[in-house]
Amino acid sequence: MIKILAACGAGVNSSHQIKTALEKEMKNRGYEVKCDAVMIKDITQDILNKHDIFAQIAKTDLGFDVKIPVVDAGPILYRIPSMAKPVYDKVEEIIKKENLK
């Protein structure tokens, strides 16, 4: 199971849209993905360490180094396939590069 963390300001709307989109698309590509959606202010190093990929909506200074691969997932929110595809491709590239399962 590949674990992805999505975060937005409130942890309610944008992060859940990204969560749903990533889980659906990665399943269509043959990957078993679980995505958690949280408030950006609640992210700690411990939370990140429990995930394989961090899908951020915008570049955010968390106050510490992020040690897992980061994907800028904001374009998914535009719901334009040509903008979302590069995000999905990047997630798949990380999955393959990191040999995640």
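Residues numbered from 1 in each chain as written. Predicted model: local features only at pLDDT ≥ 70, side-chain atom pairs only at ≥ 80, totals over all residues. Heavy atoms only, no water.

Caption draft 1: Spatial organisation of the overall build of the protein. Along the backbone of the protein there are three helices and four strands. The helix and strand sequence of the protein, counted from the amino end, reads β-α-β-α-β-β-α. Taken over the C-alpha trace, the protein has a radius of gyration of 12 Å; the compact-globule value for 101 residues is 13 Å, and the two agree within 12%. Taking the principal axes of the C-alpha coordinates as reference, the protein spans close to 35 × 30 × 20 Å. Out of the 101 residues in the protein, the part that is buried amounts to 38%. For the protein, the computed accessible surface area is about 5,900 Å², with 52% contributed by carbon and sulfur atoms. When the 16 basic and 14 acidic side-chain charges of the protein are each reduced to a single mean position, those positions are 4 Å apart. (Helix = DSSP H or I, 4+ residues; strand = E, 2+ residues; numbered from the N terminus. Rg over C-alpha atoms; globule rule 2.2 N^0.38 Å. Buried < 20%, exposed > 50% of the residue type's maximum accessible area, 1.4 Å probe, protein only. Areas by Shrake-Rupley, 256 points an atom, 1.4 Å probe, with all protein chains shown as cover. Lys, Arg positive; Asp, Glu negative; His and termini not counted. Charge placed at Lys NZ, Arg CZ, Asp CG, Glu CD.)

Caption draft 2: View of the pattern of salt bridges. Within the structure shown, the criterion is met by ten salt bridges. Ionic pairing is found between Glu 23 and Lys 19, a salt bridge with its closest N-O pair at 2.9 Å. Here the residue Glu 23 and the residue Lys 19 both occupy positions in helix α1 (residues 14-28), the gap between them amounting to four residues, near one helical turn. The exposure class of Glu 23 is partly exposed, given its relative accessible area of 22%. Asp 42 serves as the salt-bridge partner of Lys 41, at 3.0 Å between the closest nitrogen and oxygen. Residue classification places Asp 42 among the partly exposed positions, given a relative accessible area of 35%. A cluster of three or more residues bridged by salt bridges with shared partners is formed by Glu 25, Arg 29, Lys 85, Asp 89, Glu 92 and Lys 96. (Salt bridge = Lys/Arg side-chain N within 4 Å of Asp/Glu carboxyl O.)

Caption draft 3: Representation of the state of the cysteines within the structure. Summed over the entire model, instances satisfying the criterion amount to zero disulfides. With no disulfide of its own, Cys 8 lies 11 Å from the sulfur of Cys 35, the closest cysteine sulfur. Judged by its relative accessible area of 9%, Cys 8 falls in the buried class. Relative accessible area serves as the criterion here: at 1%, Cys 35 is assigned to the buried category. (Disulfide = S-S within 2.5 Å.)

Caption draft 4: Local environment of a nonpolar patch on the surface. A surface patch of nonpolar side chains, about 300 Å² in accessible area, is lined by Tyr 78, Ile 80 and Met 83. By secondary structure assignment, the location of Tyr 78 is in the loop between β4 (70-72) and α3 (81-97). (Patch = residues over 30% accessible without salt bridge, like charges linked within 9 Å, V, L, I, M, F, W, Y side chains within 5 Å.)

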